[in-house]
Amino acid sequence: MPTIQNKFKDKADIVSAEVKDIVKNHGDRIIGEVKLSQIYQGMRGITGLVTETSLLDSYDGIRFRGYSIPELKEKLPKAEGGSEPLPEGIFYLMLVGELPTEEDVQNMSNLWQRRSHVPNYVLDTIEALPETAHPMTQFVVGIMALQTESHFAKKYAEGMSKQDYWLPVFDDAMDLIARLPRIAAYIYRRKYKGGKHIQPNGLLDWAGNFAHMLGYEDEGFHELMRLYMTIHSDHEGGNVSAHTTHLVGSALSDPYLAFAAGMNGLAGPLHGLANQEVIKWIFEMQKEIGSDLPNKEQIEAYVRKTLSEGKVVPGYGHAVLRKTDPRFEAQMQFGKKHMPDDKLVQTVWNIYETVPPILQSIAKIKNPWPNVDAHSGALLVHYGMVEYEFYTVLFGVARSLGVLASLCWDRALGYPLERPKSVSNRLVKAWLEGKEEIWGD
């Protein structure tokens, strides 16, 4: 087995023993209380998952295996001459739980390069769709077409020990991550560039090769893809795409089926599609105001108009965060370094200074700060990627790193089928009247 498999298995064996000990000796301890409002309102705040790869704190933001985004930007290996972390490094960290060396990252790049071939029938399946199909629809169809390559599905059908589930899941995860950039770039070139496809360049890193296949050779865009893929890779286990991948995987659906399900969740406007909604909203504001650099007073008036119409300001607010998203801050730093005079980027910064005070004046809004989606589109537009419907596909390619690393851990630790208890409104009303025990089995 390659080194990365050995390291992962060694780590998984240690954690598996720890989990068994925790369940055996502390399984009856109560971890929090569930409020009736929580079971009606999206299970917000209910601790119900264990995710090894990252942890989201309301005030500290996202930490990957304990490391903040600024720490990762400093400590993770970078491309030669570059300043942004290589996504190969964040995947290694999430999978193994330790910072990779330059050699570890190069080995990961080589592994993904060797696994990156996409069969022609997958591309033919995408071609069967109308070009007008949303890029996320084409992306999920491509993933599902690729499912016939699943190692786990084949091994499970042949019969295998539960102790060995992790290995074909690992192979599927590695294959998927290796192939997703090719599928995503194929969709982009098909839909927006007249079907003029670009062959991969095996000498480039994973994100750099993705940028190349998309058709962007500017090293600044390559650096942006490295940063984008890293900071979008994971956001602990409770978000829709991560939780869905985990849930479907818990039924022992193979990683292709589980990841495709997660991507269908990512395509929702309350999740990954939000990055599309942000740039669309800014374009509409610029058009209505008649300026490509509206001042703060104009922005404030447009924001208040948006809110008065019962709409939200896209890119602002988060279910968990109670501060400016560190991922937003990382992108803002990138913008100040690479494009400080870009009018669209400056507009994003002016919105950042304008929106929070307005939202703070509305009592029910607990988090008036921008999330990751508020900035990413402006950076992409700067380099010429104006096709905002495609942005969620970029998000999906990045999110594969975290959710598939987590899926490897799910199978290595033998996590069971996820099956939370549900109750009816009738039972809730009976419980409120003291007639029933709502929390019974």
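- Under the annotation held in an unreviewed UniProt entry, the protein chain carries the name citrate synthase (unknown stereospecificity) and is attributed to Hanamia caeni.
- Per UniProt, the protein chain carries the Sequence similarities (unreviewed entry) text "Belongs to the citrate synthase family."
- For the protein chain, the Pathway (unreviewed entry) comment in UniProt is given as "Carbohydrate metabolism; tricarboxylic acid cycle; isocitrate from oxaloacetate: step 1/2."

### So, the nonpolar core
Then, in step 1: In terms of nonpolar packing, the biggest core is built from 116 residues, with Phe139, Leu214, Phe221, Met225, Met229, Met385 and Leu394 touching the most fellow members.
Then, in step 2: Take this core: its biggest share by element is 15 residues, from helix α9 (residues 166-192).
Then, in step 3: When residues of this core are assigned to domains, at least three map to each of domain 1 (1-26 + 35-269 + 397-440) and domain 2 (273-383).
Then, in step 4: Sequence-distant contacts of Phe221, that is, excluding residues within four places in its chain, are made with Ala211, Leu214, Tyr216, Leu380, Tyr383 and Met385.

### A word on helix α19 (residues 391-412)
Then, in step 1: For α19, spanning 22 residues, the distance from its first C-alpha to its last is 32 Å, which sits close to the expected 32 Å at 1.5 Å a residue.
Then, in step 2: In the structure, α19 departs most strongly from a straight axis at Arg399, where the bend amounts to approximately 35°.
Then, in step 3: Directly after α19, the chain includes Gly414, whose backbone phi takes a positive value near 65°.

### Let's talk about helix α14 (residues 274-289)
Then, in step 1: Between its first and last C-alpha, α14 extends 22 Å over 16 residues, near the 22 Å set by a 1.5 Å rise per residue.
Then, in step 2: Within the span of α14, buried status applies to Ala274, Asn275, Gln276, Val278, Ile279, Trp281, Ile282, Met285 and Gln286.
Then, in step 3: Buried positions along α14 lie against α11 (219-231), α15 (296-308), α17 (343-360), α18 (373-382) and α19.
Then, in step 4: Within two residues after α14, Gly290 carries a phi angle of roughly 85°, on the positive side.

### With respect to the packing of α18 against α19
Then, in step 1: Where α18 contacts α19, the axes come no closer than 11 Å and their chain directions differ by 110°. Judged by the inter-axis angle, α18 sits roughly perpendicular to α19. Every pair of crossing elements has a handedness; the one defined by α18 and α19 is right-handed. Contact residues: Asp373, Gly377, Leu380 and Val381 in α18; Tyr391, Leu394 and Phe395 in α19.
Then, in step 2: Along the lines of polarity and charge, the residues of the contact of α18 with α19 split into five nonpolar, one polar and one charged.

Conventions used here
- Per chain, residues are indexed from 1 in the order of the written sequence.
- Owing to the predicted nature of the model, reporting of local features is limited to residues with pLDDT of at least 70; listing and counting of side-chain atom pairs is limited to 80 or more, with chain, interface and lining totals taken over all residues.
- To get the side-chain values, all heavy atoms of the structure are used, and hydrogens and water are removed first.
- UniProt positions are given in the numbering used here, feature names are shortened, and annotations may be inferred rather than shown by experiment.
- Residue types Ala, Val, Leu, Ile, Met, Phe, Trp, Tyr and Cys, when buried and joined through side-chain atoms within 4.5 Å, form a set referred to as a nonpolar core.
- Relative accessible area decides the class of each residue, using a 1.4 Å probe on protein chains only: under 20% of the type maximum gives buried, over 50% gives exposed, and in between gives partly exposed.
- What counts as a helix is a DSSP run of H or I of at least four residues, what counts as a strand is a run of E of at least two, and both are numbered from the N terminus.
- Throughout the structure description, domain borders are defined by an automatic or database domain assignment.
- We call two residues in contact when some of their heavy atoms are within 4.5 Å.
- For a helix, the expected span equals 1.5 Å multiplied by the number of residues minus one.
- The angle between axes fitted to the seven-residue stretch ending at a residue and the seven-residue stretch beginning at it gives the bend at that residue.
- Each axis is a line fitted through C-alpha atoms, and for a helix only the stretch in contact is used; angles between axes span 0 to 180 degrees, taken between their N-to-C directions.
- Note on terminology: angles under 35 degrees are roughly parallel, angles over 145 are roughly antiparallel, angles of 65 to 115 are roughly perpendicular, and the others are oblique.
- Note on convention: near helix rotated counterclockwise from far helix by under a right angle means a left-handed crossing. Clockwise means right-handed.
- Each residue gets one of three labels, nonpolar for Ala, Val, Leu, Ile, Met, Phe, Trp, Tyr, Cys and Pro, charged for Asp, Glu, Lys and Arg, and polar for the others, Gly among them.

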